[in-house]
Amino acid sequence: MSNRIAGRVRLRPRHLLAGVRAAGVADRLASFRVGWSRDGVEGDGMRFVGFGRVGAVVAAVLVMAGVLAPSAGATQTDTCWSGGNGLVVGGYVAYLSCDGGSLTFSGVGTTLADAESEVQATRAMYLAGQYCSSSTSSAVVGGYSVRLACNSGSAVFTGVGTTLTDASREVRAVQAIQATGQHCSSSTSSAVVGGYSVSLACDGGSAVFTGVGTTLTEASGEVRAVRAMYAAGKYCTSSTSSAVSGGYEVSLACNGGSLHYRGRGATVTLASRAARAAVV
């Protein structure tokens, strides 16, 4: 049985006390979350806080009477609504529930706004037929790594970046390589002279590319550029960096290492771009 309140929102009484956080002490701070539904779409976006069970029950009565309404956090968008958010390594995670709760997406970002944007990007991938749904994060050398699960977890991609938002965008860029006919899945990082190196494993690990950059995000961009050169028939695979007078030198190995192209620059990223430009 549901009770109707303003705004065509139905509250589910069975959830009213399910979330009370009290240990039988009246002066303990208690909170609970009330389930809701609107036009067939359900959510759990209302959270109330009171002192002890009495405070929780009073708030519940106010809800049932229509005095309180769903919070802004329970936002419905099309057939989806916000599933909440939380803290993760490097920032925030945002959740999105769709199709009556049968689909749940997650996205991560440095800020909550970034995380909200990333979860929408994950859903857009799903709608485009990529069937990606969840993102998780971890700290790595130079920044963060984001793991993107697709096809119910049977396909997993990782990307790395200086910030969590950068890493989330990078993992989507790694997944997008599939459209070229090559399957690349994992990115790993390490520190090198002047910055960072990122390795990108493709085709089940039979093809591995490396790129270097001043920041982890720039190194991720460079390794994808090296892979694109290989796909275009330049057959370059790996970059290494060293310090020289006034900056850095990057050596780009091509044709199985039989050819090396070198570039110099004030930063490792500039040197890497110069090395790629030298390839003929």
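Note that the coordinates shown come from a computational prediction; the quantities given were computed from them, not determined experimentally.

How each quantity is defined
Residues numbered from 1 in each chain as written. Predicted model: local features only at pLDDT ≥ 70, side-chain atom pairs only at ≥ 80, totals over all residues. Heavy atoms only, no water. Helix = DSSP H or I, 4+ residues; strand = E, 2+ residues; numbered from the N terminus. Buried < 20%, exposed > 50% of the residue type's maximum accessible area, 1.4 Å probe, protein only. Contact = heavy atoms within 4.5 Å. Pairing = 2+ DSSP bridges. Disulfide = S-S within 2.5 Å.

Draft legend 1. Examining the side chain of Ser251 more closely. Mapped onto the elements, Ser251 comes out in strand β16 (residues 247–254). On the basis of relative accessible area, Ser251 is assigned to the buried category, the value being 12%. Each residue touching Ser251, except ones within four places of it in the same chain, is listed here: Ser238, Ser239, Thr240, His260, Tyr261 and Arg262.

Draft legend 2. View of the pairing of strand β10 (residues 143–150). With 6 of its 8 residues buried, β10 lies for the most part within the structure. As paired elements, strand β9 (residues 132–140) and β10 share 8 bridges and run antiparallel to each other. Its bridge partner being in β10, Thr136 is matched across the sheet by Arg147. Counting the residues that bridge the hairpin from β9 to β10 gives 2 residues, and of these Gly142 lies at a positive phi of roughly 90°. Sheet analysis places β10 next to strand β11 (residues 155–161), joined by 7 bridges and oriented antiparallel. Along β11, the bridge assignment pairs Ser145 with Val160. Hairpin connection from β10 to β11: 4 residues lie between these consecutive antiparallel strands, with Asn151 at a positive phi of about 50°.

Draft legend 3. View of the state of the cysteines. Taken as a whole, this structure holds 4 disulfides when the rule is applied. Bridging Cys80 to Cys98, the disulfide has an S-S length of 2.0 Å. Residues Cys80 and Cys98 are joined by a disulfide whose S-S torsion is about 110°; by sign, that bridge is right-handed. One end of the pair, Cys80, is in strand β6 (residues 80–88); the other, Cys98, is in strand β7 (residues 91–98), and 18 residues separate them in sequence. Both residues of the pair, Cys80 and Cys98, belong to the buried class. Two residues, Cys236 and Cys254, share a disulfide whose sulfurs are 1.9 Å apart.

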